[in-house]
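One-letter residues, chain by chain:
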Amino acid sequence: MIFSERLKQEREKRGWSQTELAEKIQVSRQAVSKWETGKNYPSIEVIIDLSDLFGITIDELLRSDEELKAKVIQDSKQLAYPKWKVFFDSVFLLGALMLVVKLGILALNHFAGTNITILEGLPKAVPNFLPLALMLIGGIAADQLKNKHVD
């Protein structure tokens, strides 16, 4: 039996509505509905609360639902290099911000007739490709780090 079916069965066995169950574990009725229809899964904290509330083991709730087991395992893993991940996410965002500013300046120069120069004195390639390079480096590195977890 998959998690959604087991949850609904346990709730109905006690004669509770979705709203009553939601109040007991302090979530919304919509959350309970999504769990029972298999559209979403609860966090590990909520699974523990459900286990305690129903008086059954977590194993009984999770054992037959491979997708939920995989989600719980993934959620419990810690990133191996969280500070580097934040750093490269920031590098990506800096590149995106620089690109937006550059496009804004180009639009002002073209449509408003201003003559704003970008990083005067540097080779043209620097302001033209720096935002793209930062976005590529930050995006690729952050993507690589998001899959590295502490074992």
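Our subject is the structure that appears above.
All of the points below concern the structure found in this document. Keep in mind it's a predicted model, so treat the numbers as computed, not measured.

This part takes up unusual backbone geometry. The phi torsion at Q26 lies on the positive side, around 60°, for a residue other than glycine. Mapped onto the fold, Q26 is located in the loop between α2 (18–25) and α3 (29–36).

This structure, assessed with the given rule, holds five aromatic pairs. Taken together, a centroid distance of 6.2 Å and an interplanar angle of 25° make the contact between W16 and F54 stacked. Taken together, the residues W16 in the loop between α1 (3–13) and α2 and F54 in helix α4 (residues 44–54) connect sequence positions 38 residues apart. Taken as a pair, W16 and F54 share a single burial class, namely buried. Seen in terms of ring centroids, W84 and F87 are 5.7 Å apart; in terms of plane orientation they differ by 85°. Their pairing is edge-to-face. With W84 and F87 both in helix α7 (residues 82–111), this residue pair falls three residues apart, about one helical turn. Residue classification places F87 among the partly exposed positions, given a relative accessible area of 41%. An aromatic cluster is defined as three or more aromatic residues linked by ring pairs; in this entry it consists of W84, F87 and F88.

What follows is about the nonpolar core. Core analysis: the largest hydrophobic core is formed by 19 residues, its most contacted members being F3, L7, L21, W35, L50, F54 and L68. Counting residues per element, the ones that place at least two in this core are α1, α2, α3, α4, α5 (58–62) and α6 (66–76). Sorting elements by how many residues they give to this core places α4 first, with four residues.

The next point concerns α1. Among all positions of α1, only F3, S4, R6, L7, E10 and R11 are buried. With its buried residues spanning 165° around the axis, α1 presents them on a single face. Those residues of α1 that are buried lie in contact with α2, α3, α4, α5 and α6. Immediately downstream of α1, the backbone of G15 shows phi near 75°, a positive value.

Reading the values: rules and limits
Residues numbered from 1 in each chain as written. Predicted model: local features only at pLDDT ≥ 70, side-chain atom pairs only at ≥ 80, totals over all residues. Heavy atoms only, no water. Helix = DSSP H or I, 4+ residues; strand = E, 2+ residues; numbered from the N terminus. Phe/Tyr/Trp six-rings, centres within 6.5 Å; stacked < 30°, edge-to-face > 60°. Buried < 20%, exposed > 50% of the residue type's maximum accessible area, 1.4 Å probe, protein only. Core = buried A, V, L, I, M, F, W, Y, C linked by side-chain atoms within 4.5 Å. Arc of directions from axis to C-beta. Contact = heavy atoms within 4.5 Å.

Bear in mind that shape data such as this cannot, by itself, settle questions of function.
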